[in-house]
Amino acid sequence: LKKYINIETDVQQLGHDLTMAGLEVAGIHCLGEGWDEDHLIVGEIIDINPHPDADRLRLPKIHLGGNEVITVVCGAPNIVVGQKIAFAREGTILVNPRNGKQERLKANTIRGVESRGMVCSALELGLSDEHAGILVLDADTEVGVSLSSVLADQIIETELTPNRPDCLSIIGTAYEVAALQRTNVEEPIVSNCIYEHLGSQTLSVQIEDQTL
């Protein structure tokens, strides 16, 4: 919404105002709430080595910004050199995939190799139930910044009645907010398509199989 309109209130007040105007807000979800900005950061996998004592484990070398590089143990099948990833330092509070509870990450020695941190999946971050592999960030994500500055967001979930299909879109909801605030919507920029003029050239069409 903030791409199209300047929100003048906090998200809780906005949800209340929308409901009072007839656009019922069913819930507000805060992604990344409680993330530690110092412990949960963006890293880049710069090298991957095999674990000396486990075929299914590998040792990715993670660049965390500046001169900081750390090697951890990882069992995810989808790690690739060059990926931007969510890295949790020792002490980060994450979701334990085994029991679904939040727990503080501790240093651990896995098959003889010490691991003081981990590359996170979406489940461990509390973003979704996906745990088949690590969460891969956009390639242009800056290394060393807090994960909350990249992924944290507030999501407004609305329960639309049949007479409000206009609010099935973000831009439609933005107009609703603009009406409440008496402000303007910034329309998205749409590039014009440019077609080359063929002039006197002609195109022919041939149907090779008339039965089709």
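Placed above this text is the structure.
Residues numbered from 1 in each chain as written. Predicted model: local features only at pLDDT ≥ 70, side-chain atom pairs only at ≥ 80, totals over all residues. Heavy atoms only, no water.

Undergrad: Explain the state of the cysteines here, please?
TA: A covalent bond between the sulfur atoms of two cysteines is referred to as a disulfide. Tallied over the entire structure, the rule returns zero disulfides. For the unlinked cysteine cysteine 120, the closest cysteine sulfur is that of cysteine 74, found at 9.7 Å. (Disulfide = S-S within 2.5 Å.)

Undergrad: Just checking my understanding: could you explain the pattern of salt bridges for this structure?
TA: Opposite charge on two side chains permits pairing when their charged atoms draw close. Scanning the entire structure with this criterion turns up five salt bridges. A salt bridge links arginine 164 to glutamate 176, with the shortest nitrogen-to-oxygen separation between them at 2.7 Å. In this pair, arginine 164 is assigned in the loop between strand E12 (153-158) and helix H3 (170-181) and glutamate 176 in helix H3, connecting sequence segments twelve residues apart. Neither arginine 164 nor glutamate 176 differs from the other in exposure class; each is buried. Connected via shared salt-bridge partners are Glu90, Glu114 and Arg116. (Salt bridge = Lys/Arg side-chain N within 4 Å of Asp/Glu carboxyl O. Helix = DSSP H or I, 4+ residues; strand = E, 2+ residues; numbered from the N terminus. Buried < 20%, exposed > 50% of the residue type's maximum accessible area, 1.4 Å probe, protein only.)

Undergrad: Would you mind showing me how to read the side chain of glutamate 176 here?
TA: The buried category is assigned to glutamate 176, whose relative accessible area is 13%. Once residues lying within four places of it in the same chain are set aside, the contact partners of glutamate 176 are Leu18, Ala21, Leu23, Arg164 and Cys167. (Contact = heavy atoms within 4.5 Å.)

Undergrad: For this particular structure, what's the right way to read the nonpolar core?
TA: Generally speaking, soluble globular proteins have nonpolar side chains that are buried together. Leu40, Ala88, Leu94, Met118, Cys120, Leu125 and Leu147 are the most contacted members of the largest nonpolar core, which totals 14 residues. Put simply, the parts of the chain that give this core at least two residues each are strand E2 (40-51) and strand E5 (84-89). Setting aside residues up to four positions removed in sequence, leucine 40 forms contacts with Trp35, Phe87, Ala88, Thr92, Leu94, Cys120, Leu125, Ser146 and Leu147. In this structure, Ile41, Ile45, Ile48 and Phe87 belong to the second largest nonpolar core, which totals 13 residues. (Core = buried A, V, L, I, M, F, W, Y, C linked by side-chain atoms within 4.5 Å.)

Undergrad: Before we go on, may I ask you to explain the layout of surface pockets in this structure?
TA: Over the atoms a probe the size of a water molecule is rolled, and this reveals where empty space is left. Roughly 760 Å³ of volume is contained in the largest pocket. Lining the largest pocket are 28 residues, and of these Pro97, Arg98, Leu105, Met118 and Glu124 sit closest to its centre. For the lining of the largest pocket, the elements supplying multiple residues, two or more each, are strand E6 (93-95), strand E7 (102-104), strand E8 (108-110) and strand E10 (117-119). With three residues, E10 is the single largest residue contributor to the lining of the largest pocket. Of the residues contributing to the lining of the largest pocket, the split by class is 15 nonpolar, eight polar and five charged. Quantified by volume, the second largest pocket comes out at close to 610 Å³. In terms of lining residues, the second largest pocket is bounded by 19 residues, among which Leu1, Lys2, Asp153, Gln154 and Ile156 are the most central. Elements with a minimum of two residues in the lining of the second largest pocket: helix H1 (11-20), E12 and H3. Per element, the largest residue contribution to the lining of the second largest pocket is five residues, and it comes from E12. A per-class count over the lining of the second largest pocket returns ten nonpolar, five polar and four charged. (1 Å grid on protein atoms, 1.4 Å probe; cavity = no way out; pocket = protein on both sides within 12 Å on 5 of 7 lines; lining within 4 Å. Points joined across faces, edges and corners; volume = space filled by probe spheres on them. Nonpolar A, V, L, I, M, F, W, Y, C, P; charged D, E, K, R; others polar.)

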